[in-house]
Amino acid sequence: MLAAQFQQELEQPAFWVALGKIIWINVLLSGDNALVIALACRGLEPRHRLWGMILGAGAAVLLRIIFTGVVVKLMELPYLKLVGGLALIVIAAKLLVPEGEDEEGVESASHLWAAVQIVVIADIVMSLDNVIAVAAAANGSVPLLVLGLAISIPLIVGGAALIMAVLNRLPILVWAGAALLGWIAGDVIATDPAIQPKLQSLFGGTLARFETFLGSPGTGAASGAGAEFICGVLGVIVVLVAGSIWRKRKLQQAKPARP
């Protein structure tokens with residue numbers, strides 16, 4: 001059943017677009033997770049360090065797939081997509097805010113299984129934003145969810161230093177990623193079972209009059225797509241404006257603390 005669904009989805013261009021979104025989201029949001037893995041394993045013997053990173057990341061990926069799958073199913077309930085979309089807007093705005101340098105607080109393990117335990121617990125605690133964002137991007141597709149996480153997490157762990165350097169040199173990618181999350185948040189809110197009919201009735205009349213002006217009859221599908229597009233644009237605007245204000249205040253607060 002899952003194999004047939006996976007093969008069918010592979011033939012759809014939308015599948016590959018969504019897969020790219022999931023990988024990008026994980027690259028942007030999981031830098032701290034990769035850093036925690038490195039810090040937790042830094043106290044291990046060299047021959048155990050690689051295994052600590054592999055086993056810790058593998059267990060974290062498995063748990064994240066399970067948690068994200070649960071969130072995907074829960075988001076089918078009324079108003080939960082609304083809550084998830086609002087949470088995603090906050091997550092996207094926070095992506096633009098400079099982080100405090102508190103990584104030294106991560107405990108270094110002295111043996112392999114202790115390191116794996118630290119990595120798994122830290123990933124569970126830190127990955128709520130990833131879970132919400134990836135669940136929204138997967139849009140109910142379990143094969144897409146599994147493949148996206150399976151590709152992106154090893155990529156993050158293996159190339160954490162390179163990824164962090166690229167994001168630091170090209171901050172426009174972070175802003176573009178935040179905008180993408182804002183778009184997804186707006187789309188998620190617009191497709192909430194309890195919100196969607198209200199948005200269609202709100203935007204449907206305006207879109208129908210616009211289509212009549214252009215000489216083409218309005219359709220229900222068009223009004224639904226129009227509502228999702230408008231909410232997506234509003235999500236991008238809210239994230240970029242709120243993130244800019246949040247970032248500015250954070251930088252102003254950090255100035256007096258500098259010697």
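Above: the structure in question.
For clarity, every value in this text was computed on a predicted model and none was experimentally measured. (Residues numbered from 1 in each chain as written. Predicted model: local features only at pLDDT ≥ 70, side-chain atom pairs only at ≥ 80, totals over all residues. Heavy atoms only, no water.)

S.K.: Looking at this structure, I do not really get the packing of helix H5 (residues 80–94) against helix H10 (residues 172–190). What am I missing?
M.R.: Packed helices, taken two at a time, are described by the angle between their axes plus the distance between the axes. It is at 8 Å that the axes of H5 and H10 come closest, and there the two elements cross at 165 degrees. For the element pair H5 / H10, the angle class is roughly antiparallel. In the packing of H5 onto H10, the handedness of the crossing is left-handed. Contacts between H5 and H10 involve Lys81, Leu82, Gly85, Leu86, Leu88, Ile89 and Ala92 on the former and, on the latter, Ala178, Leu181, Gly182, Ile184, Ala185, Val188 and Ile189. Tallied by class, residues from the contact of H5 with H10 come to 11 nonpolar, 2 polar and 1 charged. (Axes fitted to C-alpha atoms, helices over the stretch in contact; angles between N-to-C directions. Helix = DSSP H or I, 4+ residues; strand = E, 2+ residues; numbered from the N terminus. Parallel < 35°, antiparallel > 145°, perpendicular 65-115°, else oblique. Left-handed = near helix turned anticlockwise from the far one by under 90°. Contact = heavy atoms within 4.5 Å. Nonpolar A, V, L, I, M, F, W, Y, C, P; charged D, E, K, R; others polar.)

S.K.: What is the right way to read the nonpolar core from this model?
M.R.: Side chains of a nonpolar character, in soluble globular proteins, are inclined to be buried together. Within the largest apolar cluster, 36 residues are counted, with the highest numbers of intra-cluster contacts made by Ile25, Leu29, Leu88, Leu95, Leu181 and Ile184. Elements with a contribution of two residues or more to this core: helix H2 (13–29), helix H4 (46–74), H5, helix H7 (128–138), helix H8 (142–158) and H10. Considering each element in turn, this core owes the most residues, 8 residues, to H10. Apart from residues lying up to four places away in sequence, leucine 95 is in contact with Leu28, Leu29, Val174, Gly177, Ala178 and Leu181. (Core = buried A, V, L, I, M, F, W, Y, C linked by side-chain atoms within 4.5 Å. Buried < 20%, exposed > 50% of the residue type's maximum accessible area, 1.4 Å probe, protein only.)

S.K.: Would you mind going over the packing of aromatic side chains with me for this structure?
M.R.: Pairs of aromatic rings are described using the distance from one ring centre to the other and the angle between the two planes. Going through the model one piece at a time under the given rule, you end up with 2 aromatic pairs. Ring centres 5.3 Å apart and planes at 85 degrees place the aromatic pair phenylalanine 15 and tryptophan 16 in the edge-to-face group. Judged by its relative accessible area of 47%, tryptophan 16 is partly exposed. Each ring, one from tryptophan 183 and one from phenylalanine 229, has its centre 5.6 Å from the other, and the planes form 75 degrees; the classification is edge-to-face. Residue tryptophan 183 is located in helix H10, and its partner phenylalanine 229 is located in helix H12 (residues 220–254); the two are separated by 46 residues in the primary sequence. (Phe/Tyr/Trp six-rings, centres within 6.5 Å; stacked < 30°, edge-to-face > 60°.)

S.K.: How do you make sense of a nonpolar patch on the surface when you look at a structure like this?
M.R.: Taken together, Leu62, Ile66, Phe67, Val70, Leu74, Leu77, Leu80 and Val83 make up a surface patch of nonpolar side chains, about 690 Å² in accessible area. Elements with a contribution of two residues or more to the nonpolar patch: H4 and H5. Looking at which element gives the most residues to the nonpolar patch, the answer is H4, with 5 residues. Residue position: phenylalanine 67 is located in helix H4. Residue class for phenylalanine 67 comes out partly exposed when judged on its relative accessible area of 38%. (Patch = residues over 30% accessible without salt bridge, like charges linked within 9 Å, V, L, I, M, F, W, Y side chains within 5 Å. Areas by Shrake-Rupley, 256 points an atom, 1.4 Å probe, with all protein chains shown as cover. Salt bridge = Lys/Arg side-chain N within 4 Å of Asp/Glu carboxyl O.)

By themselves, these observations are geometric and do not establish any function.
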